[in-house]
Amino acid sequence: METVVSGIRSTGNLHLGNYYGAIQNFVKMQHEYNCFFFIADLHSLTTHPTPANLHTNVKSVLVEYLAAGIDPEKATIYVQSDVQEIAELYLYLNMNAYLGELERSTSFKDKVRAHPDNVNAGLLTYPVLMAADILIHRATKVPVGKDQEQHLEMARTFGNRFNRLYNKEYFPEPYAFNFSEKLVKIPGLDGKGKMGKSEGEGNAVFLSDAPEVIRKKVMRAVTDSGPIKENQAKPEEIQNLFDLMTVVSTPDTYAHFDNLYNNMQIRYGDLKKQLAEDMIIATAPIRERINEIANDAPYLRQVARYGAIKARESAAKTIKEVREIIGFKSF
Ligand code: TYM
């Protein structure tokens, strides 16, 4: 059976981008593959969370994984920092990751632009840690959104380089995966790019948002003054709202508003109201379970402990073999 690995950074609550880009695939894949889904708390250290925030954020991702339908009996769910073998593999892979290629990574360049005062080495080697996450279980499929595609390419590069250096076909090549064949990018509500937790207030709709919060955010979404020609191309901010409709609304609803737009009869207020209601319906079952699970400390403890044991079993096997390949020998 093919092995699947994916993770989400523990930097806050999960939003619709995480859900439709990644988690929806996790939930489907757990029935067909040997799955490892983790909470990337080591990755979150690049932003220097306080100890209290770190734990709160790890917990909320764990709760939201479970609420979204990841089943700990089917998939291995674990906290990245519980599996120390990942940090060890990261160290080995770092020896063959080069400054030039790391500096060229788009996400690194974005981070440097956004936070020029915090360009730490962890940020630079972020793709190496990601490669370690994936290669530690020798996974071949990685369910992620479109924004992670370049990181997957780097993971293949680092795995192949290790294989070449030691002249052994040890790590298989991991590829980004989505059930719909195409990787997705869920837009945010600010009329610009993707939905993301660090993209500013009101851009992201969270799985835990109450209905009235969702309504408020969607009603504030950026729009223009309306089409001036029949069948004209939609500007980015309007296309974004339609793209969001494709994931939460029915095809009939989408077609209805698309026709109104093309006939120049669209009222954005009506479109937003519908979009908000469809988002509320889509997230309702998850939202309800979030509250239930968050209060069940013994269950969360049991899931995290069981997941750590299973993940370490797999990781320890890889590290043992990697150490032999590298040439570490005991006296
Ligand atoms: P992160 O935490 O930013 O996002 C988690 C997952 O959600 C997807 N995603 C989106 N997909 C579509 N549209 C969006 N607007 C959107 N926003 C987020 C991301 O593509 C991702 O799949 N580096 C990773 C976490 C990670 C990881 C890994 C993933 C660490 N190690 C190993 C896979 C394998 C990250 O920061 O994702």
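Residues numbered from 1 in each chain as written. Predicted model: local features only at pLDDT ≥ 70, side-chain atom pairs only at ≥ 80, totals over all residues. Heavy atoms only, no water.

Along the chain, Leu42 turns up in helix H2 (residues 41–44). Look at Leu42 and you get partly exposed, because its relative accessible area is 25%. Once you skip the residues sitting within four places of it in the chain, Leu42 turns out to touch Gln80, Ser81 and Leu129. (Helix = DSSP H or I, 4+ residues; strand = E, 2+ residues; numbered from the N terminus. Buried < 20%, exposed > 50% of the residue type's maximum accessible area, 1.4 Å probe, protein only. Contact = heavy atoms within 4.5 Å.)

Next up on the list: the nonpolar core. Ile23, Tyr65 and Met279 are the most contacted members of the largest nonpolar core, which has 59 residues in total. No other element matches the nine residues that helix H13 (residues 268–294) contributes to this core. Mapped onto the domain boundaries, this core takes at least three residues apiece from domain 1 (3–184 + 296–326) and domain 2 (209–291). Aside from chain neighbours lying at most four places away, what touches Tyr65 is Ser6, Gly7, Ile8, Leu14, Ile23, Phe26, Phe37, Phe38, Ile39, Ile70 and Ile77. (Core = buried A, V, L, I, M, F, W, Y, C linked by side-chain atoms within 4.5 Å. Domains from an automatic or database assignment.)

Many descriptions give the size of an interface as the accessible area lost when the pieces come together. Each assigned domain of the chain is listed here: domain 1 (3–184 + 296–326) and domain 2 (209–291). Put simply, the middle of domain 1 and the middle of domain 2, counted by C-alpha atoms, are 32 Å apart. With seven residues of domain 1 at the interface, the matching set in domain 2 holds eight residues. Summed over both sides, the interface between domain 1 and domain 2 buries roughly 670 Å², with carbon and sulfur atoms accounting for 75% of that surface. When the buried surface of domain 1 facing domain 2 is broken down by residue, Leu16, Tyr20 and Ala67 rank first, second and third, together holding 68% of it. Linking domain 1 to domain 2 there are one residue pair in polar contact (both at pLDDT 80 or more). At the level of elements, helix H1 (16–29) and helix H3 (51–68) are the ones that each hand at least two residues to the side of domain 1 that touches domain 2. Of the residues forming the side of domain 1 that touches domain 2, the biggest block, four residues, is contributed by H3. A breakdown of the residues in the side of domain 1 that touches domain 2 according to their chemical character gives six nonpolar, no polar and one charged. (Buried area = accessible area lost by both parts, 1.4 Å probe. Polar contact = N/O pair within 3.5 Å; in protein donor to acceptor, adjacent residues only side chain to side chain. Nonpolar A, V, L, I, M, F, W, Y, C, P; charged D, E, K, R; others polar.)

Below, the discussion takes up the site of the ligand. Taken together, the neighbourhood of the ligand is formed by 25 residues, with Arg9, Tyr126, Asp133, Asp147 and Ile186 sitting nearest. Within the side chain of Asp147, one N or O atom sits 2.4 Å away from an oxygen atom of the ligand. Here Ile186 contributes a backbone N or O atom positioned 2.7 Å from a nitrogen atom of the ligand. Among the secondary structure elements, those contributing two or more residues to the shell around the ligand are strand E1 (3–9), H1 and helix H8 (126–135). Of the residues assigned to the shell around the ligand, the class counts are eleven nonpolar, nine polar and five charged. (Near = heavy atom within 4 Å.)

To continue, consider H8. Helical periodicity: at 3.6 residues per turn, an α-helix aligns residues three or four positions apart in one direction. Counted residue by residue, H8 has ten buried out of ten residues, so it is predominantly covered. All buried positions along H8 are accounted for by Tyr126, Pro127, Val128, Leu129, Met130, Ala131, Ala132, Asp133, Ile134 and Leu135.

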